[in-house]
Protein chains: 2
Amino acid sequence: MEHFADRLSAAVRRCGNPVLVGLDPRWEQLPAPLLRGHDVAGTTERAAVYAEFCRGVIDVVASLVPAVKPQAAFFEELGPAGMAALADIVQYARQRGLLVILDGKRNDIGSTATAYAAAYLGNELQGWQSDALTVSPYLGDDSLTPFVETAQSCGGGLFVLVKTSNPGGRTFQDLVCDGRPLYEHVAAHVEKLAKQTSGACGYGLVGAVVGATYPQQLEQLRTLMPSTWFLVPGYGAQGGAAADVAGAFDSRGLGAIVNNSRGIIFAHARPEYSQQFGAARWQDAVAAATQDMIGALKAAIPAIS
Amino acid sequence: MEHFADRLSAAVRRCGNPVLVGLDPRWEQLPAPLLRGHDVAGTTERAAVYAEFCRGVIDVVASLVPAVKPQAAFFEELGPAGMAALADIVQYARQRGLLVILDGKRNDIGSTATAYAAAYLGNELQGWQSDALTVSPYLGDDSLTPFVETAQSCGGGLFVLVKTSNPGGRTFQDLVCDGRPLYEHVAAHVEKLAKQTSGACGYGLVGAVVGATYPQQLEQLRTLMPSTWFLVPGYGAQGGAAADVAGAFDSRGLGAIVNNSRGIIFAHARPEYSQQFGAARWQDAVAAATQDMIGALKAAIPAIS
């Protein structure tokens, strides 16, 4: 399998945009037509509706964007049936040519970390084989090593939490240690791993999660982490705008993908789209919101080359 | 449902020991008799063997110890079938009267964190309803709030990573910020949450993971965190001994549970037990190793009262 960052670069170039569509199914927000006949839904029925909904989103965005990011938590909430639905949509998205970044924020040590990596990146067993996985750094350098080794062996990628988009991200990440905030220490370690594993495009298979809600830090981290691809959450519903994420990109328009979950998948309920499309045409609303985000980003970031 | 820390205190008192048995099934280390006829095993077959093995461990330890800790990663490695096996053994352990601490090290923000909490602590849907869940702190205070709220509503508990047992735990956790290491900042926040949620026993529903491999810090954290129950990994295979964990306990012999995974569940392969029991009598080896650990701890910690 080709190097993850090279596959990601190629996908961004092919689509001409760096939009990452987050697949965060929430029962209460699903378009009404999908819920017909499911008023009192058990987990198996809910999981089937989640799969149907996500497949419907994938059908719309597969020709528009390079990648999708399923959020594991919403599937785990439905128990084993939810996890089977997650496996289904990961496979479906990859079959449709999308890169899949599994948002699981997993982390552990030694052989336990290896087991997580095998579950979400490896190809041997029948798990949720994705192109990349988000991981948490608190457990330290030796907790990341097994993930990196597995990713190397199967052409996978990682995105390590560095500076998250939530207000509370500051609690620990902004504590100043030896003259610089914790997130810069994590950033330095991630950049080292990225440099050690860089592909033809100049980026490593280890990337970083850096929130759109901290544009100044985003720009500063871009400078500090020249080998690290960024996954940028916080666009849209969390308040980040196209101008806020511009600093995440290099001069080729590469080096970052910008996630939008609710703003795209539940676009039918947004004021901008509800009147024109409504719940009945929710897939058209997904398409319109995706196109609008592509347009907004293209106007704000360097041309992709 | 009664307060988690009170249930944990009662269970430790009833059993007269603070041993936590880690359920970390690893295919290569399973006792040979369990593998008969499973030479070329797919994930469904492996998951069934994992469930059989863990049920066998539970049958032995249910009358001896207060709690078990299934490690999610090893079940996730087997995909949806593994997650179904995990649900099975969580339920089985609770039916046998054991408290179940799910080791998933989950974390996320907002409604995503709520979904994780519902999956592993909540009672509404059919997930892996456990008595407690391990969580990671990197995402900050607002990422912990949804877990605390769910735990409060259902009598559940949390163990937040503070000072982990692995050598690489030092990478970020020991960075000094404002005159004290990062793990002390996390510890202070966890203690605040524990104090806010304390039960009749004096401990809160929010606990901390503090490794046996750093005995000095363990003792110091016990002083800094009087309301916080400790989950202590690193005993046995990782090098921690009974004397190393003594500082984790209060004068009543409460306030900590000490985990041992491989040293108990794979005791049949340890030099101390292999000759007497071997793979054929692996459950007797589990019993002997559990009894030996109970004895070693009782000799090192304050009498439980």
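About the thresholds
- Residues numbered from 1 in each chain as written.
- Chains lettered and ligands numbered in written order.
- Predicted model: local features only at pLDDT ≥ 70, side-chain atom pairs only at ≥ 80, totals over all residues.
- Heavy atoms only, no water.
- Helix = DSSP H or I, 4+ residues; strand = E, 2+ residues; numbered from the N terminus.
- Rg over C-alpha atoms; globule rule 2.2 N^0.38 Å.
- Buried < 20%, exposed > 50% of the residue type's maximum accessible area, 1.4 Å probe, protein only.
- Contact = heavy atoms within 4.5 Å.
- Areas by Shrake-Rupley, 256 points an atom, 1.4 Å probe, with all protein chains shown as cover.
- Lys, Arg positive; Asp, Glu negative; His and termini not counted.
- Charge placed at Lys NZ, Arg CZ, Asp CG, Glu CD.
- Salt bridge = Lys/Arg side-chain N within 4 Å of Asp/Glu carboxyl O.
- Least-squares fit on C-alpha atoms with pLDDT ≥ 70 in both.
- Pairing = 2+ DSSP bridges.
- Axes fitted to C-alpha atoms, helices over the stretch in contact; angles between N-to-C directions.
- Parallel < 35°, antiparallel > 145°, perpendicular 65-115°, else oblique.
- Left-handed = near helix turned anticlockwise from the far one by under 90°.
- Nonpolar A, V, L, I, M, F, W, Y, C, P; charged D, E, K, R; others polar.

Overview of the overall build of chain A
- Looking only at helices and strands, one finds 14 helices and 10 strands in chain A.
- For 305 residues, the compact-globule estimate of 2.2 N^0.38 gives 19 Å, and the C-alpha radius of gyration of chain A, at 18 Å, lies within 12% of that figure.
- Looking at chain A as a whole, 66% of its 305 residues are labelled buried.
- Long-range pairs, those at least 24 residues apart, make up 73% of the contacts in chain A with a sequence separation of at least 6.
- With an accessible surface of roughly 10,100 Å², chain A has 49% of that area assigned to carbon and sulfur atoms.
- For chain A, the distance from the average position of its 23 positive side-chain charges to the average position of its 28 negative side-chain charges is 4 Å.

As for the side chain of Arg46 of chain A
Residues and elements named next belong to chain A.
- Mapped onto the elements of the fold, Arg46 is located in helix 3 (residues 43-61).
- Of the side chains with opposite charge, Glu28 comes closest to the buried, unpaired Arg46, at an N-O distance of 4.7 Å.
- Beyond its immediate stretch of four places on either side in the chain, Arg46 contacts Trp27, Ala41 and Leu78.

Concerning the relation of the copies chain A and chain B
- Superposition record for chain A on chain B: RMSD 0.0 Å, screw rotation 180°, translation along axis 0.0 Å. Both copies are brought into coincidence by an operation consistent with a two-fold rotation axis. Relative to the rotation axis, the C-alpha of Cys177 of chain A is the closest in chain A, positioned 2.1 Å from it.
- The overlap is high: 100% of the interface residues of chain A also sit at the interface in chain B, so the same surface is used on both sides.

Some details on the sheet that holds strand 3 (residues 99-106) of chain A
Residue and element names in this part refer to chain A.
- Strands sit in the order 1-2-3-4-5-8-9-10 around a closed barrel of eight strands; the barrel is parallel. In this sheet, neighbouring strand axes are inclined to one another by 30° on average, regardless of whether the strands run parallel or antiparallel.
- For strand 8 (residues 206-210) and strand 9 (residues 230-232), the ladder comprises two bridges, and the chain directions are parallel. Bridging across to strand 9, Ala208 finds its partner in Phe230.
- Strands in contact with helix 10 (residues 215-224) are strand 5 (157-163), strand 8 and strand 9; relative to strand 9, the strand with the most contacts, it is inclined by about 170°.

Description of unusual backbone geometry
- Phi is positive for Asp178 of chain A, which is not a glycine, with a value near 50°.
- Structurally, Asp178 of chain A can be placed in the loop between strand 6 (176-177) and strand 7 (180-181).

Some thoughts on the sheet that holds strand 5 (residues 157-163) of chain B
Residue and element names in this part refer to chain B.
- Strands sit in the order 1-2-3-4-5-8-9-10 around a closed barrel of eight strands; the barrel is parallel. Looking at each pair of strands side by side, their axes are set apart by 30° on average, direction ignored.
- Both strand 4 (residues 132-135) and strand 5 contribute to a ladder of four bridges, which runs parallel. If you follow Ala132 over to strand 5, its bridge partner there is Gly157.
- In the packing of helix 7 (residues 141-154) onto the sheet, contacts are made with strand 3 (99-106), strand 4, strand 5 and strand 8 (206-210), and the angle to strand 5 comes to roughly 145°.

Thoughts on the side chain of His189 of chain A
- As for its placement among the helices and strands, His189 of chain A is situated in helix 9 (residues 182-196).
- When near neighbours in sequence (up to four residues on either side) are disregarded, His189 of chain A contacts Asp141 and Leu144 of chain A together with Phe172 of chain B.

Some words on the packing of helix 5 (residues 79-95) of chain A against helix 5 (residues 79-95) of chain B
- The interhelical angle for the contact between helix 5 of chain A and helix 5 of chain B, taken along N-to-C directions, is 170°, at an axis separation of 9 Å. As the angle between them shows, helix 5 of chain A and helix 5 of chain B are arranged roughly antiparallel. Contact residues: Pro80, Met83, Ala84 and Ala87 of chain A in helix 5 of chain A; Pro80, Met83, Ala84 and Ala87 of chain B in helix 5 of chain B.

So, the packing of helix 3 (residues 43-61) of chain B against helix 5 of chain B
All names here are of chain B.
- Two elements in contact, helix 3 and helix 5, have axes whose closest approach is 8 Å; the angle formed by their N-to-C orientations is 15°. By the angle between their axes, helix 3 is roughly parallel relative to helix 5. As for how helix 3 packs across helix 5, the hand of that crossing is right-handed. Facing helix 3, whose interface residues are Thr43, Thr44, Ala47, Ala51, Cys54, Arg55, Ile58 and Asp59, helix 5 presents Ala81, Gly82, Ala85, Asp88, Ile89, Tyr92 and Ala93.
- In terms of residue class, the contact of helix 3 with helix 5 is made up of nine nonpolar, three polar and three charged.

It is worth stressing that arrangement in space is one thing and function is another; only the former is reported here.
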